[in-house]
Amino acid sequence: DSSTSRGLGDVYKRQILLLLMLTCKEEGRNKSEKIVIGFSQGLGNHPWRDAMNHSMEIQASLHSNVNLTIFKAENSVKKQIADIEKMINDNVDAIIISPIEPDLIVPIVKKAYARNIPIILVDRKINSSSYTTYIGADNEKIGIEAANYILSDSKIEKKVIEIKGDDNSSPTVERSRGFQSTIKNNPNTDLIKSFKGLPLDLFRKTLDSLANQSLYVFAFNDELAANAWQVARNAGLENQIKFIGVDGLNTEKGGIQMVLDGKFNATILYPTGGAEAIETAIKIFDGQIPPKRIKLNSTVIDRLNAEIMRNQFDKIIEQQGVIENQVNAVKKQTELYSSQKELFRWAVILLTLMFCLIAYAIYLIYAIKIKNKQLILTNERITIQRNQIAVSYTHLTLPTKRIV
């Protein structure tokens, strides 16, 4: 029947796939029906990182043949190296990495790259060309956009403070390079301080020394900008300082809400690249060759467009929720179909066994009847033979008369 044919077809497919896996290797790597993707998330405990993870999970859920596993290094280079090593040993089809820093993971990345495993870097770069593609916004341009936003203010004399990240990652280096080159080339701006991270006491003293002056603070992410705003608020100086952050998340405490609340003058949208990374991995699996650099667009969000951006993001989040619900519904239906299919298979097996038992029982009844007939005939023959023997024995034992 058709179900049996499909079952046999599946068996043949698996046999063919196994044969291909054993014989058609690409430098020792096997191809499978599933696209197995591993993602090493270097940093944790940050809304922007959570947004990156979530966007990957949503994008992966739209493809039934994608199997995504997220490894969280939680700012431990040692763990990130171990996670990538595990992905290599698991022979995944693609490795996505958001590096913690640019140097220490280079050897393990080179090892994966030498195995012909596609390497997709997201947000941060490494000091090596041993990767397939890098996905991220232009961080130097982001620094320039922040500087130009400050320069566009009508006030002539401007005092500026830069709050960088506390690491040597490519976003930190590139944003600072773009920001400082633009600020320093303008005679009406004065870069007072460039902090690495946010040293609270030193930052507070700097603010006190610049009281009653036109001051601008550019922080390399919205969280740093929010913390800097809180310090200024505690000093009663928040209204004379203009804050610019980076990330532009549409969350309760995200950059867009901070702009709408009047705490920030602007935030620069910095896309996570999570969805683009998953799509790129799928394209590579399908045989497409991506460019070495995939650039994501950034934009300045201020009071003029913050409401519009929030509405757009709200609609996107709403649509994502609808998609997630639909994907979950499809998964449930698929699981239900699989369970029903399994139950149907077992029902067919049980019915087949029942019919076999019935047929066997009928056969046994028929065989017993035949045996009974044979036994009756045999008994009859034995009875006849016994009677004949008895008669013969009687004749032999009777006395014979003498003739006189």
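The present account deals with the structure reproduced in this document. (Residues numbered from 1 in each chain as written. Predicted model: local features only at pLDDT ≥ 70, side-chain atom pairs only at ≥ 80, totals over all residues. Heavy atoms only, no water.)

**Overview of the environment of His54**
Take His54: it is sitting in helix H2 (residues 47-61). Between the alpha carbons of His54 and Gly274 there is a distance of 7.9 Å; along the sequence they are 220 residues apart. (Helix = DSSP H or I, 4+ residues; strand = E, 2+ residues; numbered from the N terminus.)

**Some words on helix H10 (residues 274-285)**
The end-to-end C-alpha distance of H10, which contains twelve residues, comes to 17 Å, matching closely the 16 Å that a straight helix rising 1.5 Å per residue would cover. All of the buried residues in H10 are Gly274, Ala277, Ile278, Thr280, Ala281, Ile282 and Ile284. Phi turns positive one or two residues past the end of H10, at Gly287, with a value near 100 degrees. (Expected span 1.5 Å × (residues − 1). Buried < 20%, exposed > 50% of the residue type's maximum accessible area, 1.4 Å probe, protein only.)

**Some remarks on the sheet that holds strand S1 (residues 35-41)**
The sheet built from six strands is open, its strands ordered S2-S1-S3-S4-S5-S11 with parallel pairing. Only two strands of the sheet have a single neighbouring strand rather than two, namely strand S2 (66-72) and strand S11 (293-296). Neighbour-to-neighbour, the strand axes of the sheet open up by a mean angle of 15 degrees, direction not taken into account. Looking at chain direction, strand S3 (residues 94-98) and strand S4 (residues 119-122) are connected through three bridges and run parallel. Its bridge partner being in S4, Ile97 is matched across the sheet by Leu121. (Pairing = 2+ DSSP bridges. Axes fitted to C-alpha atoms, helices over the stretch in contact; angles between N-to-C directions.)

**Some thoughts on the environment of Ser130**
Summarising the element assignment, Ser130 is placed in the loop between S4 and strand S5 (133-137). Sequence separation between Ser130 and Tyr113 is 17 residues; the distance between their C-alpha atoms is 6.2 Å. Discounting chain neighbours no more than four positions away, the residues touching Ser130 are Val109, Lys110 and Tyr113. (Contact = heavy atoms within 4.5 Å.)

**Description of the sheet that holds strand S8 (residues 215-219)**
Paired through their backbone hydrogen bonds, the strands of a sheet run either parallel or antiparallel. Taken in spatial order, the six strands of this open sheet run S7-S6-S8-S9-S10-S12, and their pairing is mixed. The strands lining the two open edges of the sheet, one partner per strand, are strand S7 (189-196) and strand S12 (299-302). The mean inter-strand angle of the sheet, taken between neighbouring strand axes irrespective of direction, is 20 degrees.

**Comments concerning the packing of H2 against H10**
For the pair H2 and H10, interaxial distance at closest approach is 7 Å and the crossing angle is 40 degrees. When the interaxial angle is binned, H2 and H10 end up oblique. When the axes of H2 and H10 are compared, the crossing they make is right-handed. Touching Met52, Ser55, Met56, Gln59 and Ala60 of H2 are Gly274, Ala275, Ala277, Ile278 and Glu279, all from H10. (Parallel < 35°, antiparallel > 145°, perpendicular 65-115°, else oblique. Left-handed = near helix turned anticlockwise from the far one by under 90°.)

**Describing a nonpolar patch on the surface**
A surface patch of nonpolar side chains, amounting to about 490 Å² of accessible area, comprises Leu351, Met354, Phe355, Ile358 and Ile362. When you line up the elements, Leu351 lands in helix H11 (residues 306-397). Given a relative accessible area of 44%, Leu351 falls into the partly exposed group. (Patch = residues over 30% accessible without salt bridge, like charges linked within 9 Å, V, L, I, M, F, W, Y side chains within 5 Å. Areas by Shrake-Rupley, 256 points an atom, 1.4 Å probe, with all protein chains shown as cover. Salt bridge = Lys/Arg side-chain N within 4 Å of Asp/Glu carboxyl O.)

**Here we look at the packing of aromatic side chains**
Aromatic ring pairs: the centre-centre distance and the angle between the two ring planes describe each pair. With the rule as written, the count across this model stands at five aromatic pairs. Cluster of aromatic residues (ring-pair linked, three or more members): Phe179, Phe218 and Phe220. One Lys or Arg, Arg175, reaches over the ring of Tyr270 and ends 4.4 Å from the middle of that ring. Here the basic side chain of Arg345 rests over the ring of Trp346, its NZ or CZ set 5.4 Å away from the ring centre. (Phe/Tyr/Trp six-rings, centres within 6.5 Å; stacked < 30°, edge-to-face > 60°. Lys NZ or Arg CZ within 6 Å of the ring centre and 35° of its normal.)

**Regarding the nonpolar core**
Membership of the largest hydrophobic core comes to 39 residues, with the highest contact counts inside it found for Ile37, Met56, Ile96, Ile120, Phe179 and Ile278. Per element, the largest residue contribution to this core is five residues, and it comes from H10. Sequence-distant contacts of Met56, that is, excluding residues within four places in its chain, are made with Phe39, Leu68, Ile96, Gly274, Ala277 and Ile278. Within the second largest apolar cluster, 27 residues are counted, among which are Phe195, Leu198, Leu224 and Ile301. (Core = buried A, V, L, I, M, F, W, Y, C linked by side-chain atoms within 4.5 Å.)

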